[in-house]
Amino acid sequence: MNIAHTIFGVFGNATALFLFLAPSITFKRIIKNKSTEQFSGIPYPMTLLNCLLSAWYGLPFVSKDNTLVSTINGTGAVIETIYVFIFLIYAPKKEKVKIFGIFSCVLAVFGTVALVSLFALHGNARKLFCGLAATVFSIIMYASPLSIMRLVIKTKSVEFMPFFLSLFVFLCGTSWFVYGLIGRDPFVAIPNGFGCALGTLQLILYFIYCGNKGEKSGDAEKDEKMVEMKDEEKKQNVVNGKQDLQV
């Protein structure tokens, strides 16, 4: 059981790393276009909070035999911080204010949890407090793409829900869910079981709508109609000009 526990922990580290790196394709597009377009910035600060709390929970003085939880979530915290800063640079002003507000709350929540657990709690009480905090915000992290899933259903397009991000949500959730079951740690198993289910839903949506081009927005349709009308007008002017020359 200890060997299986370690194996799933290592596999969980690998899939989680791919999950953290999956949005790099999205951010490459954001940097290239110098715009966040319709991409949601909410998942990144929420993932950062999850990483910080999970890394804290995995430390030896909080919970035993969870070093693998700390290593990958510490790495994830660094990566997610970079994503947040890139998003803040290229997001519209209104979105920038919202994401900065969430980012500030993330730091405040983590600081509060860390200080309370370090100075006010000890032993099982510390593990319970930190575990509950990590569980709650892990579930919130996994639930943050729900807005994108709604956009996919509304537009019938998966343009703003990258496949690899959905795939690694599923793989990461599944591996850590099994890791938590083997280690009999509900604070690891419960939120990642939720992540496994949500990742499954995202993959189902992807395969339903991946062949669709999606519905165009009203503004896009108006622009296309205007271009078509101008083209028709130009063609008509050319025809009229030829007729005048013949006369």
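Predicted model only: the values in this text are computed from it and were never measured. (Residues numbered from 1 in each chain as written. Predicted model: local features only at pLDDT ≥ 70, side-chain atom pairs only at ≥ 80, totals over all residues. Heavy atoms only, no water.)

Draft legend 1. A look at the environment of Val169. Along the chain, Val169 falls in helix H8 (residues 163-182). What makes Val169 buried here is its relative accessible area of 9%. The spatial distance from the C-alpha of Val169 to the C-alpha of Leu19 is 6.4 Å, given a sequence separation of 150 residues. When residues no more than four places from it in sequence are discounted, the contact partners of Val169 are Leu19, Tyr142, Gly195, Gly199 and Gln202. (Helix = DSSP H or I, 4+ residues; strand = E, 2+ residues; numbered from the N terminus. Buried < 20%, exposed > 50% of the residue type's maximum accessible area, 1.4 Å probe, protein only. Contact = heavy atoms within 4.5 Å.)

Draft legend 2. Structural view of the UniProt feature "transmembrane region" (unreviewed entry) in the protein chain. Those residues carrying the UniProt feature "transmembrane region" (unreviewed entry) are residues 6-27, 39-59, 71-92, 99-120, 132-153, 160-182 and 188-209 in this numbering. End C-alpha atoms of residues 39-59 are separated by 34 Å, and the span's content is 71% helix alongside 0% strand. Spanning residues 160-182, this segment combines 87% helix with 0% strand, and its end C-alpha atoms are found 35 Å apart. (UniProt positions renumbered as here; feature names shortened; annotations may be inferred.)

Draft legend 3. Seen up close, a nonpolar patch on the surface. A contiguous nonpolar patch, built from Phe61, Leu115, Leu118 and Phe119 and spanning about 420 Å² of accessible area, is present on the exposed surface. Mapping Leu118 onto the fold places it in helix H5 (residues 93-119). Judged by its relative accessible area of 34%, Leu118 falls in the partly exposed class. (Patch = residues over 30% accessible without salt bridge, like charges linked within 9 Å, V, L, I, M, F, W, Y side chains within 5 Å. Areas by Shrake-Rupley, 256 points an atom, 1.4 Å probe, with all protein chains shown as cover. Salt bridge = Lys/Arg side-chain N within 4 Å of Asp/Glu carboxyl O.)

Draft legend 4. Expanded view of the packing of helix H3 (residues 43-57) against helix H4 (residues 67-90). Interhelical geometry of H3 versus H4 gives an angle of 155° and a closest axis separation of 8 Å. Relative to H4, the element H3 lies roughly antiparallel. Crossing hand, H3 versus H4: left-handed. Within the contact between the two elements, H3 uses Tyr44, Pro45, Thr47, Leu48, Asn50, Cys51, Leu52, Ser54 and Ala55 and H4 uses Val69, Ser70, Asn73, Gly74, Gly76, Ala77, Glu80, Thr81, Tyr83 and Val84. Of the residues assigned to the contact of H3 with H4, the class counts are 10 nonpolar, 8 polar and 1 charged. (Axes fitted to C-alpha atoms, helices over the stretch in contact; angles between N-to-C directions. Parallel < 35°, antiparallel > 145°, perpendicular 65-115°, else oblique. Left-handed = near helix turned anticlockwise from the far one by under 90°. Nonpolar A, V, L, I, M, F, W, Y, C, P; charged D, E, K, R; others polar.)

Draft legend 5. Molecular detail of the packing of aromatic side chains. Summed over the entire model, instances satisfying the criterion amount to 11 aromatic pairs. Judged by centre distance (6.3 Å) and plane angle (40°), the ring pair of Tyr44 and Phe87 falls under tilted. Here Phe87 lies in helix H4 and Tyr44 lies in helix H3, a separation of 43 residues in the sequence. Each member of the pair, Tyr44 as well as Phe87, is classed as buried. An aromatic cluster of three or more residues is present, and its members are Phe27, Tyr44, Tyr83 and Phe87. (Phe/Tyr/Trp six-rings, centres within 6.5 Å; stacked < 30°, edge-to-face > 60°.)

Draft legend 6. Seen up close, the side chain of Ser63. Here Ser63 shows up in the loop between H3 and H4. Exposure remark for Ser63: the relative accessible area of 2% places this residue in the buried category. Engagement of the side chain of Ser63 in a polar contact is seen with the backbone oxygen of Tyr57, the distance being 2.5 Å. Discounting residues that sit within four places of it in the chain, Ser63 has contacts with Tyr57, Gly58 and Lys127. (Polar contact = N/O pair within 3.5 Å; in protein donor to acceptor, adjacent residues only side chain to side chain.)

Draft legend 7. Quick look at unusual backbone geometry. Phi at Lys34 is positive, roughly 55°, even though this residue is not glycine. Under the relative-accessibility criterion, Lys34 is labelled exposed at 62%. Unlike most non-glycine residues, Lys156 shows phi in positive territory, near 55°. Position of Lys156 among the secondary structure elements: in the loop between helix H7 (146-155) and H8.

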